[in-house]
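Residue strings, one per chain:
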Amino acid sequence: MTAPTLDIHLTDDDLTAALRSDARRGLTSDPKWLPPKWFYDARGSELFEAITALPEYYPTRTERALLERVVGDIARISRAEVLVELGAGSAAKTRLLLQALGAEGPLKTYVPQDVSEAALRGAADEISAEFPGLSVHGVVSDFTDTLRNLPRGGRRMIAFLGGTIGNLVPAERAAFLAGVHDVLEPGEQLLLGAGLVIDPAILVPAYDDAAGVTAEFNRNVLYVLNARLRADFDPEAFAHVAVWDAANEWIEMRLEATRDMTVTVTDLELVLDFARGEQLRTEISAKFRIDGLTGELAAAGFATEQVWTDPDNRFALFLAERR
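Cut-offs applied
Residues numbered from 1 in each chain as written. Predicted model: local features only at pLDDT ≥ 70, side-chain atom pairs only at ≥ 80, totals over all residues. Heavy atoms only, no water. Helix = DSSP H or I, 4+ residues; strand = E, 2+ residues; numbered from the N terminus. Pairing = 2+ DSSP bridges. Axes fitted to C-alpha atoms, helices over the stretch in contact; angles between N-to-C directions. Parallel < 35°, antiparallel > 145°, perpendicular 65-115°, else oblique. Left-handed = near helix turned anticlockwise from the far one by under 90°. Contact = heavy atoms within 4.5 Å. Nonpolar A, V, L, I, M, F, W, Y, C, P; charged D, E, K, R; others polar. Expected span 1.5 Å × (residues − 1). Bend = angle between axes of the 7 residues up to and from the residue. Buried < 20%, exposed > 50% of the residue type's maximum accessible area, 1.4 Å probe, protein only.

Engineer: Is there a simple way to think about unusual backbone geometry in this case?
Structural biologist: One can expect most non-glycine residues to show negative phi and most peptide bonds to be in trans. Between Asp30 and Pro31 the backbone carries a cis peptide bond, its omega angle lying at 0 degrees. Tracing the backbone through its elements, the reader meets Pro31 in the loop between helix 1 (12-27) and helix 2 (42-52). At Arg79, a residue that is not glycine, the phi angle is positive and equals roughly 50 degrees. Position of Arg79 relative to the elements: it lies in the loop between helix 3 (59-78) and strand 2 (82-85). Located in the positive-phi region is Glu269, a residue other than glycine, with phi close to 55 degrees. Mapped onto the elements, Glu269 comes out in the loop between strand 9 (261-265) and strand 10 (270-274).

Engineer: What am I meant to see in the pairing of strand 7 (residues 238-245) here?
Structural biologist: Each regular strand displays side chains that alternate between the two surfaces of the sheet. Pairing between strand 7 and strand 8 (residues 250-257): eight bridges, direction antiparallel. Considered in strand 8, the bridge of Phe238 is made with Ala257. Connecting the antiparallel pair strand 7 and strand 8 is a turn made up of four residues, with Glu249 showing a positive phi of about 55 degrees.

Engineer: How do you make sense of the sheet that holds strand 8 when you look at a structure like this?
Structural biologist: Hydrogen bonding along the main chain pairs the strands of a sheet, whether they run parallel or antiparallel. One open sheet accounts for three strands, arranged 7-8-11; its pairing is antiparallel. The open sheet has two edge strands with one neighbour each: strand 7 and strand 11 (279-286). Adjacent strand axes in the sheet meet at a mean angle of 20 degrees when their direction is disregarded. Examined bridge by bridge, strand 8 and strand 11 share seven bridges and lie antiparallel to one another. Along strand 11, the bridge assignment pairs Ile251 with Ser285.

Engineer: Where do I start with the packing of helix 3 against helix 4 (residues 94-104) in this structure?
Structural biologist: For any two helices packed against each other, one specifies the crossing angle of their axes together with the interaxial distance. Where helix 3 meets helix 4, the axes come as close as 9 Å, and the angle between the chain directions of the two elements is 30 degrees. Considering their axes alone, helix 3 and helix 4 lie roughly parallel with respect to each other. Crossing angle aside, the handedness with which helix 3 passes helix 4 is right-handed. Taken together, the residues of helix 4 that come into contact with helix 3 (itself represented by Arg64, Leu67, Glu68, Val71, Ile74, Ala75, Arg76 and Ser78) are Leu96, Leu97, Ala100, Leu101 and Glu104. Taken together, the residues of the contact of helix 3 with helix 4 break down into eight nonpolar, one polar and four charged.

Engineer: Teacher, can you tell me more about helix 3 here?
Structural biologist: Helical geometry: 3.6 residues make up each α-helical turn, so side chains three or four residues apart lie on a common side. With 20 residues, helix 3 should reach 28 Å at 1.5 Å per residue; the first-to-last C-alpha distance of 24 Å falls well below that figure. Taking the largest bend as the criterion, helix 3 deviates by roughly 55 degrees, centred on Val70. Those residues of helix 3 not exposed but buried are Pro59, Thr62, Glu63, Leu66, Leu67, Val70, Val71, Ile74, Ala75 and Ser78. At the exit of helix 3 stands Arg79, carrying a positive phi of roughly 50 degrees.

And the structure:
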């Protein structure tokens, strides 16, 4: 077994600088907002894992069941020599792709990318042990602005699963897809997982579960600001809100102040006033229509080769080739 290698393009100091920039920009905006990537410290990651097991939260199990059903087709069409996974985390679903691509013959290398060095080292070691003939080359980076750091060589397929594409607003999606296009060679592919527009009566509870796990996950971003930027938020003074924006076809998660308060973010020298009822947007989760996302892919220079959906049309996998 060859030991995995790791390229580090993102340090803890880089993450702190990015958090400072995002927090200053978002918290001084009107209305206030924060990017969803700051949910994910160790506690936030644990809470999200708990969310994926909730009865209301259908996306993770729906995508996995879909992937189990069509992974052989993906492997036969792709015949990738290199699988690159953006936001790999624990690489749980990736094993399905690795097994199928390996069975087709050409797969030589797995490139997991994540912002967490610890998570990436753990996943890389596990994959190396489980697939001893596979070269594992991890990349610690932020997929939104460091795609250029992905290794080149071999016929690559970039996998971006979990519906994470929905966390980007349209301009960010266009920039991200254009960036993926730029790092791929003609004929290389993108495998994209995306949630579809469905009945809000099913959709909203997935982001507002009865047990309150999502509420704790939402408030965790305030604990992150307290810990990393010496802020003095009282997270329990904020209520979790999840709403369906029909015009934009996305879920918005927000934190709503339950009383008037003043918050100091010491490291940013910021003093913020929150009025009772004021809301801070912490995440969007866009849902898609197949024609719409196919059009976005085309605008970025991709030809969609195949789209697979689950029987209830709640989730889709798009396999697109870079033109």
